[in-house]
Amino acid sequence: MSIDEIKKLINDYGLKPSKGKGQNFLIDDNVLAKIMATADLSPEDYVLEIGPGFGVLTQELIKTGKKVLSVELDTRLVFYIKRKFKGVSNWELLEGDILKIKNEQLAEKLGSKKYKLVANLPYAITKPILQKFLSYDPKPREMVILVQKEVAEKIVAKPGEMSILAISVQYYGQPQLINIVSKESFFPVPKVDSAILQIVLRQTDIPAEFSQIFTQIQIQNYQEKRFWQLVKIGFSSPRKQLQNNLANGLKITNAEVKNRLEKAGLQELCRAQDLSLLDWGNIYQQFIA
Ligand code: SAH
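Predicted model only: the values in this text are computed from it and were never measured.

## Side note on the environment of glutamine 170
Piece 1. As for its placement among the helices and strands, glutamine 170 is situated in helix H8 (residues 164–172).
Piece 2. Distance in space between the C-alpha atoms of glutamine 170 and proline 207 is 8.8 Å, their sequence separation being 37 residues.
Piece 3. If sequence neighbours within four positions are ignored, glutamine 170 has contacts with Ile155, Val156, Ala157, Met162, Pro175 and Leu277.
Piece 4. Within polar-contact distance, the side chain of glutamine 170 engages the backbone oxygen of isoleucine 155 at 2.9 Å.

See below:
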């Protein structure tokens, strides 16, 4: 849709684009094409779309013939989009807040647990959406999402610039920054640029990095909850050395922490931001398993 068409719709429907609802509508066909190429929908794919808005992306998704479920919160947009796609047999709309709907219910509606999430996300709720779809079952197989550029960069970070966010996403899947998207590709123009982020979720119980190093018993006894406790402790004072955070958080002596970090193959002066997912697996092995 062109900027003029979007402007007209906003006007006709008396919509005052809301920042809180992340209402920045896509007006760039190249970005749309890139999202569709990245999503690379195959015959068995079902699609969950969050926030169809005026249906720019929805339309492309529907054209593929795959089953599409869109979830929209804003009643005026619901009104518009219901009329726009009335009678389309491979499309369904669920009205409501995506964060309040159970994944199970979404997967049931799609008639499949193997779905892809494709969306121009409301940026204010990017993190809760990631958490919901990365860590609660049934999960999508893959996500192709528009997020703020800074967030995408933070998620695909490498050791040296790691954060809890980066570890969380890399723990559940493989994120890739596909393209930077200029803020001019949206109306109204948001404050910052965006990016197309692809996350292919792992289908195994634990990350491949962990199964490489854990023993069979360690795999059986692995407790995800304790892993996240450990990561939180590691990042508790991000500027401090990891050894101090671990000693404080786990209530063990610095000498003991040093000893175990060495066994985990890590430098005693390292900080949490320096560690890869594999390093965290090694730390778990030395401190918890
Ligand atoms: N996909 C459209 C619109 C993106 S704007 C486009 O690319 O042009 C983000 C959309 O998400 C808006 O339609 C907004 O109303 C919707 N939205 C915001 N918060 C939501 C929530 N919690 N649940 C479902 N939809 C939401």
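Structure's up, so let's keep going.
## What about the pairing of strand S9 (residues 194–201)?
Piece 1. S9 sits mainly inside the fold: seven of its eight residues count as buried.
Piece 2. Bridge analysis of strand S7 (residues 173–181) against S9 gives eight bridges, and the strand direction is antiparallel. The residue of S9 that forms the bridge with asparagine 179 is isoleucine 196.

## Overview of the pattern of salt bridges
Piece 1. For the coordinates displayed, the defined rule picks out 11 salt bridges.
Piece 2. Here arginine 141 makes a salt bridge to aspartate 45, at a shortest N to O gap of 2.3 Å. Here aspartate 45 lies in the loop between helix H2 (29–39) and strand S2 (46–50) and arginine 141 lies in the loop between helix H6 (126–135) and strand S6 (142–148), a separation of 96 residues in the sequence.
Piece 3. Of the residues examined, aspartate 45 reaches a relative accessible area of 2% and is grouped as buried.
Piece 4. Two residues, lysine 63 and glutamate 60, come together in a salt bridge whose shortest N-O distance is 3.1 Å. Within this pair, lysine 63 and its partner glutamate 60 are both found in helix H3 (residues 56–63), separated by three residues, close to a single helical turn.

## Quick look at the side chain of lysine 66
Piece 1. Mapped onto the elements of the fold, lysine 66 is located in the loop between H3 and strand S3 (67–72).
Piece 2. Notably, lysine 66 is buried but unbridged: the nearest opposite-charge side chain belongs to aspartate 45, and the N-O separation is 7.0 Å.
Piece 3. If sequence neighbours within four positions are ignored, lysine 66 has contacts with Leu41, Ser42, Pro43, Asp45, Leu61 and Asn90.

## What to know about the site of the ligand
Piece 1. As a structural note, the neighbourhood of the ligand is formed by 21 residues, with Leu26, Gly51, Glu72, Asp97 and Asn120 the closest of them.
Piece 2. Between leucine 26 and the ligand, the recorded distance is 2.9 Å, taken from a backbone N or O atom to an oxygen atom.
Piece 3. In the model, a nitrogen atom of the ligand is placed 2.8 Å from a nitrogen or oxygen of the glycine 51 main chain.
Piece 4. Its free accessible area being 570 Å², the ligand has 98% of it covered by the protein chains.
Piece 5. The site holding the ligand turns out to be the largest pocket.
Piece 6. Elements with a contribution of two residues or more to the shell around the ligand: strand S1 (25–26) and S3.

Cut-offs and rules
Counting of residues starts from 1 at the beginning of each chain's written sequence and follows it residue by residue. Restriction of local features to residues with pLDDT of at least 70 applies here, the model being predicted, together with a cutoff of 80 or more for giving and counting side-chain atom pairs; totals for whole chains, interfaces and linings are based on all residues. Think of the side-chain values as coming from all heavy atoms in the structure, minus any hydrogens and water. By definition, any uninterrupted DSSP run of H or I lasting at least four residues is a helix, any uninterrupted run of E lasting at least two residues is a strand, and each is numbered from the N terminus. Residues are treated as being in contact if the distance between any of their heavy atoms lies within 4.5 Å. Polar contacts, as counted here, are pairs of nitrogen or oxygen atoms within 3.5 Å of one another; within protein the pair requires one atom able to donate a hydrogen and one able to accept it, and residues that are adjacent in sequence qualify only if both atoms are side-chain atoms. Note on classification: 1.4 Å probe, protein chains only; a residue is buried when its accessible area is under 20% of the maximum for its type, exposed when over 50%, partly exposed between these limits. A strand pair is defined by DSSP finding two or more bridges across the two strands. Here, a salt bridge means any side-chain nitrogen of Lys or Arg that lies within 4 Å of a carboxyl oxygen of Asp or Glu. Only four residue types enter the tally: Lys and Arg on the positive side, Asp and Glu on the negative side, with His and both chain ends excluded. Here, proximity means that at least one heavy atom of the residue falls within 4 Å of the molecule or strand. For accessible areas, the Shrake-Rupley method is used with a probe of radius 1.4 Å. Any residue's cover is judged against the shown protein chains and nothing else. Whether a set of points on the 1 Å grid over the protein atoms alone is a cavity depends on a 1.4 Å probe fitting there but being unable to get out, while an open set qualifies as a pocket with protein on both sides within 12 Å along at least five of seven lines; lining residues are those with an atom within 4 Å of a point. The rule for placing a molecule in a cavity or pocket is simple: more than half of its atoms must lie within 2 Å of the grid points.

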